[in-house]
Amino acid sequence: MYDIAIIGKGPAGISAAINAFARNKSVILFGSDSKKVILSPSIPNYPGLPDIKGVDFAKRLEDHLSSTNVETSSKKVNAIYSMGNYFSIQAEKDVYEAETVILATGVDFKKSIEGEDSFLGMGVSYCATCDAPLYKGKITTVIGYNEESYKEADFLSEICTKVYFVPVFKMEYNFNSNVEIINDTPLRFEGSMKADRLVMKNSEILADGFFVIKDSYPVSSLVPGLEVDGPHVVVNRSMETNIKGLYAAGDITGRPYQIAKAVGEGQIAVLSACDYLDKKASQ
Ligand SMILES: Cc1cc2nc3c(=O)[nH]c(=O)nc-3n(C[C@H](O)[C@H](O)[C@H](O)COP(=O)(O)OP(=O)(O)OC[C@H]3O[C@@H](n4cnc5c(N)ncnc54)[C@H](O)[C@@H]3O)c2cc1C
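In the nomenclature of an unreviewed UniProt entry, the protein chain is known as Thioredoxin reductase of Fervidicella metallireducens AeB.

Here it is, written out as structure tokens:
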């Protein structure tokens, strides 16, 4: 059981991890390097580092994190369940436990496909690795927003009779022969009890299951019962959410979407988590 699980390896998550290390807590940090930081051509407003390039800032964050003993995992977290006194964290095929959780997953700017939320768990999935067994010998569709989606489509093609791949970005990749690439714009999922059709701008696909593979997902699908306001998690000034022991920091808590704000919130969130852990231990 970890003291603190941090979900997200951007500035907010790394700031939380560094401060948790300083407070001598056992920590696991999930996520891959922040694409937003890497894509920043130059960062003119981070105090003390004028006009640093995004890639250089990312390297500094990584170096600082490596100087701690924080355990890291590039696994994607698919669900976080509050078990009352601790949290159960499902990361791809594995389950982790932590007394507190800090959500620092950033904000997903990509619009959801209509019906994505309502059919989630009913024909629509965010994780091929987790849900593939349900679709053995069946037809599936992958709507891919990132390079990870290639691997997910490849994996599905080994157990499904047919996989349609709808790329939502420019791509070149050699798939297995039962993967068909469909270049069209997804509009909505349709079905009655479960999603069975993806309607696109110029065509549609009938399939048994649909996998939407992107870098981050609507936060409401990650933590059942979490209070949200649109794409943002509702927090107070201590970065506490409505769930005891669960904190949020960075872009996910709302505007402004800025590195300095993310770093500050990551620190506040972890100090609040430490207070909570210390009080729990003394009870
Ligand atoms: C082009 C561009 C230029 C920018 N320029 C500036 C600038 O000059 N100055 C400035 O202050 N800000 C700038 N920003 C904004 C800044 O990059 C963000 O505010 C900042 O990165 C937010 O940090 P964050 O830690 O909240 O989230 P992010 O940096 O978005 O990090 C999110 C992390 O969560 C992880 N994650 C998401 N979902 C999951 C999951 N389910 N499981 C595991 N991990 C997950 C991701 O892998 C990533 O590590 C810019 C952004 C862009 C796109």
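So that's the structure; there's more coming.
Student: Looking at this structure, how should I read the overall build of the protein chain?
Tutor: The secondary structure content of the protein chain amounts to 7 helices and 17 strands. A globule of 283 residues ought to have a C-alpha radius of gyration of about 19 Å, and the protein chain, at 20 Å, matches this closely. Along the longest, intermediate and shortest principal axes, the C-alpha atoms of the protein chain span 55 × 45 × 30 Å. Per-residue burial for the protein chain yields a buried fraction of 51% across its 283 residues. Contacts spanning at least 24 positions in sequence make up 53% of the contacts within the protein chain whose residues lie at least 6 apart. For the protein chain, the computed accessible surface area is about 13,900 Å², with 50% contributed by carbon and sulfur atoms. Distance from the positive charge centre (29 side chains) to the negative charge centre (36 side chains) of the protein chain: 2 Å.

Student: How should I be thinking about the UniProt feature "domain: FAD/NAD(P)-binding" (unreviewed entry) in the protein chain in this particular structure?
Tutor: With numbering aligned to this structure, UniProt lists the feature "domain: FAD/NAD(P)-binding" (unreviewed entry) at residues 2-144 and 197-266. The span residues 2-144 is 24% helix and 29% strand, and its two end C-alpha atoms sit 33 Å from each other. Span residues 197-266 is 17% helix and 27% strand, its end C-alpha atoms 41 Å apart.

Student: Could you clarify how one ought to interpret the pattern of salt bridges in this entry?
Tutor: Once their charged atoms are close, side chains differing in charge can pair, the charge on each being opposite to the other. Under the criterion given, the structure shown has 14 salt bridges. Of the charged contacts, one joins lysine 214 and glutamate 116 as a salt bridge, the two residues approaching to 3.1 Å between their closest N and O atoms. Remark: glutamate 116 occurs in the loop between strand E6 (94-103) and strand E7 (124-125) and lysine 214 occurs in the loop between strand E14 (209-213) and helix H6 (219-222); sequence separation between them is 98 residues. In this structure lysine 214 comes out as buried when scored by relative accessible area, which is 1%.

Student: Please explain the sheet that holds strand E9 (residues 162-167) as it appears in this structure.
Tutor: In a beta sheet, neighbouring strands pair by backbone hydrogen bonds and run either parallel or antiparallel. Spatially, 5 strands are ordered E7-E14-E8-E9-E10 in an open sheet, and the strand pairing comes out parallel. Every other strand in the sheet has two partners, leaving E7 and strand E10 (179-181) as the edge strands with one partner each. In the sheet, strand E8 (residues 139-144) pairs with E9 via 6 bridges, with the strands oriented parallel. Along E9, the bridge assignment pairs glycine 144 with proline 167.

Student: Explain the domain arrangement of the protein chain to me, please; I cannot follow it from the model alone.
Tutor: A common measure of how large an interface is: the accessible area buried when the components associate. Each assigned domain of the protein chain is listed here: domain 1 (2-108 + 216-282) and domain 2 (116-213). Computed over C-alpha atoms only, the centres of domain 1 and domain 2 are separated by 29 Å. Counting from both sides, the interface comprises 9 residues of domain 1 and, opposite them, 10 residues of domain 2. Regarding the contact of domain 1 and domain 2, the summed buried area is about 720 Å², with carbon and sulfur atoms giving 61% of it. Counting across the interface, domain 1 meets domain 2 through 1 salt bridge.

Student: What exactly am I supposed to notice about the packing of helix H1 (residues 11-22) against helix H7 (residues 259-282) here?
Tutor: For any two helices packed against each other, one specifies the crossing angle of their axes together with the interaxial distance. Direction vectors running N to C along H1 and H7 enclose 40°, while the axes themselves pass 7 Å from each other. Along this stretch, H1 crosses H7, giving a crossing that reads as right-handed. Of H7, the residues touching H1 (which contributes Pro11, Ala12, Ser15, Ala16, Asn19 and Ala20) are Ile259, Ala262, Val263, Gly266, Gln267 and Val270. Its residues placed into classes, the contact of H1 with H7 shows 8 nonpolar, 4 polar and no charged.

Basis of the calculations
Residues numbered from 1 in each chain as written. Predicted model: local features only at pLDDT ≥ 70, side-chain atom pairs only at ≥ 80, totals over all residues. Heavy atoms only, no water. Helix = DSSP H or I, 4+ residues; strand = E, 2+ residues; numbered from the N terminus. Rg over C-alpha atoms; globule rule 2.2 N^0.38 Å. Buried < 20%, exposed > 50% of the residue type's maximum accessible area, 1.4 Å probe, protein only. Contact = heavy atoms within 4.5 Å. Areas by Shrake-Rupley, 256 points an atom, 1.4 Å probe, with all protein chains shown as cover. Lys, Arg positive; Asp, Glu negative; His and termini not counted. Charge placed at Lys NZ, Arg CZ, Asp CG, Glu CD. UniProt positions renumbered as here; feature names shortened; annotations may be inferred. Salt bridge = Lys/Arg side-chain N within 4 Å of Asp/Glu carboxyl O. Pairing = 2+ DSSP bridges. Domains from an automatic or database assignment. Buried area = accessible area lost by both parts, 1.4 Å probe. Axes fitted to C-alpha atoms, helices over the stretch in contact; angles between N-to-C directions. Left-handed = near helix turned anticlockwise from the far one by under 90°. Nonpolar A, V, L, I, M, F, W, Y, C, P; charged D, E, K, R; others polar.

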